[in-house]
Amino acid sequence: MSQNKVTIGMLKDKKEKNQKITMLTAYDYPTARLVDEAGIDTILVGDSLGMVVLGYDSTVPVTMDEMLHHCRAVSRAVNRAFIIGDMPFMSYQAGIEEAIKNAGRFMKEAGCDSVKLEGGSEMAHVVEAIVRAGIPVCAHIGLTPQTATMLSGFKVQGKDAESARRLIQSAKDLENAGAFMIVMECIPDQLAKRITSELSIPTIGIGAGKHCDGQVLVYHDLVGLFERFTPKFVKQYINISPMIKEALLKYKEEVENGHFPGPEHTFVMQDEEAEKI
Ligand code: KIV
């Protein structure tokens, strides 16, 4: 482990000192390097890669092999950030033994520091079993994209008092089960504030307002690389797609008109050697 590697203790410390925790997704070596060099605390190799990198319509089709492949690329790049591997749909729901084995693969085969799984109180026993096996688990409540169909689509969760109370109970059950951190997606500001104040583990918000202990965004949303749709909670810090397209068009034009490659990109041999060919 590198000397300045972010640890679970450091993340908990940040919550206690009221210092915000930063998290971003990354799915490949060059991006993970940039995110790590920017000093982001935690990198989530999210199953969102299914949509933003692999072109699926949802996160449901993502497989263990796809997740492990991307986690390996990320862990080869990272020195400091704490890496969380996202367990794909049906890798932890069918049985405890399978859940533990799959969670273990993220650590043993892909260099992750922990795993994340979606679900509330009903998943607490799975979290407990994986933690008991020695694998740190980050929980994920609110809008859980893997089961969005059950939630009637991609909607804000916990908007009425009854569903808000259920989410508070879920957060407490997951903390009691041993989760070291909890992602809260698309829930009202007041509810996120209440959960954050009632838990001793850090909360990370995405569409959950500013009172969470930290924030996460999908990298491709932040830099403008995913154009299919942009949720309300996304802030695009740069729109890199038009810049990339401009460069690609310029390349095409220069190849077609003979301006690329120029002499500075070309290898030459001595004239007398060339004449002997
Ligand atoms: O897969 C993912 O990127 C996530 C974040 C949106 C939290 O689960």
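Counting of residues starts from 1 at the beginning of each chain's written sequence and follows it residue by residue. At least 70 in pLDDT is required for a residue's local features to be given in this predicted model, at least 80 for side-chain atom pairs to be given and counted, and no such filter applies to totals for whole chains, interfaces and linings, which use all residues. The side-chain quantities take in all heavy atoms of the structure and omit both hydrogens and water.

## Some remarks on the nonpolar core
Across soluble globular proteins, nonpolar side chains show a tendency to be buried alongside one another.
For step 1, the next point in the chain: In this structure, Phe106, Leu117, Ile130 and Ile195 are the most contacted members of the largest nonpolar core, which totals 61 residues.
For step 2, the next point in the chain: Contacts are assigned to residue pairs with any non-hydrogen atoms lying within 4.5 Å of each other. Every residue in contact with Ile130, bar those within four places of it in the chain, is listed here: Met87, Ala99, Ile100, Ala103, Val115, Leu117, Ile135 and Val137.
For step 3, the next point in the chain: Each nonpolar core is a collection of buried residues, namely Ala, Val, Leu, Ile, Met, Phe, Trp, Tyr and Cys, held together in the definition by side-chain atoms within 4.5 Å. Residue exposure (1.4 Å probe, protein chains only): buried if accessible area is under 20% of the type maximum, exposed if over 50%, otherwise partly exposed. The next biggest cluster of nonpolar side chains, apart from the first, holds 14 residues, and it includes Val6, Leu44, Cys138 and Met181.

## Quick notes on the site of the ligand
For step 1, the next point in the chain: Surveying the vicinity of the ligand reveals the residues Thr25, Leu44, Gly46, Asp47, Ser48, Asp86, Lys116, His140, Val183, Ile206 and Val218.
For step 2, the next point in the chain: The contact in question runs from an oxygen atom of the ligand to an N or O atom on the side chain of Ser48, over 2.5 Å.
For step 3, the next point in the chain: Distance and chemistry together define a polar contact, namely a pair of N or O atoms within 3.5 Å, with one atom able to donate a hydrogen and the other to accept it when in protein, and with adjacent residues in sequence counting only for side-chain atoms on both sides. One of the side-chain nitrogen or oxygen atoms of Lys116 is found 3.0 Å away from an oxygen atom of the ligand.
For step 4, the next point in the chain: Relative to its unbound accessible area of 260 Å², the ligand is 95% covered by the protein chains. Being near a molecule or strand, for a residue, means having at least one of its heavy atoms within 4 Å of it. Accessible areas in this description were obtained via Shrake-Rupley with a 1.4 Å probe; residue shielding takes into account the shown protein chains only.

## Points about helix H5 (residues 96–108)
For step 1, the next point in the chain: Between the first and last C-alpha of H5 there are 18 Å, a value that for 13 residues agrees with the 18 Å anticipated at 1.5 Å per step.
For step 2, the next point in the chain: Buried positions along H5 lie against helix H4 (64–77), strand E3 (82–86), strand E4 (114–118) and helix H6 (124–132). Counting from the N terminus, the helices are the DSSP runs of H or I reaching at least four residues and the strands are the DSSP runs of E reaching at least two. Every helix has an expected span of 1.5 Å times one less than the residues it contains.

## Let's talk about the domain arrangement of the protein
For step 1, the next point in the chain: How far each domain reaches was decided by an automatic or database domain assignment. Along its sequence, the protein is carved into domain 1 (8–239) and domain 2 (244–274).
For step 2, the next point in the chain: Once you take the C-alpha centre of each, domain 1 and domain 2 turn out to be 45 Å apart.

## What about the pairing of strand E6 (residues 181–185)?
For step 1, the next point in the chain: The buried count for E6 comes to five of five residues, which makes it a mostly enclosed element.
For step 2, the next point in the chain: By the alternation rule, side chains of E6 split into Met181, Val183 and Glu185 and Ile182 and Met184, which are all buried.
For step 3, the next point in the chain: Looking down the strands as they point away from you, a crossover is right-handed if its path from the first strand over the helix to the second goes clockwise. Crossover strand E5 (residues 137–142) to E6 through helix H7 (residues 161–177) is right-handed.
For step 4, the next point in the chain: Pairing between E6 and strand E7 (residues 203–206): four bridges, direction parallel. Within E7, the residue paired with Ile182 across the bridge is Thr203.
For step 5, the next point in the chain: Handedness of the crossover is the feature at issue here: the chain leaves E6, passes through helix H8 (residues 189–198), returns alongside E7, and the resulting connection is right-handed. In this description, strands pair whenever DSSP reports at least two bridges between them.

## A few points about the pattern of salt bridges
For step 1, the next point in the chain: The salt bridge criterion pairs a side-chain nitrogen of Lys or Arg with a carboxyl oxygen of Asp or Glu, the two atoms within 4 Å. In total, this model carries 18 salt bridges according to the counting rule given.
For step 2, the next point in the chain: With a shortest N-O distance of 2.7 Å, Asp213 and Lys15 are connected by a salt bridge. Residue Asp213 is found in the loop between E7 and strand E8 (214–217), and its partner Lys15 is found in helix H1 (residues 8–16); the two are separated by 198 residues along the sequence. For the residue pair Asp213 and Lys15, the accessibility class agrees, reading buried in each case.
For step 3, the next point in the chain: The partner of Lys245 in a salt bridge is Glu227, with the nearest N and O atoms 3.8 Å apart. Residue Lys245 is located in helix H10 (residues 241–256), and its partner Glu227 is located in the loop between helix H9 (219–223) and H10; the two are separated by 18 residues in the primary sequence.
For step 4, the next point in the chain: On the basis of relative accessibility, which here comes to 47%, the residue Lys245 falls in the partly exposed class.
For step 5, the next point in the chain: Here the salt bridges do not stand alone but share partners, grouping Lys14, Asp41 and Arg80 into one network.

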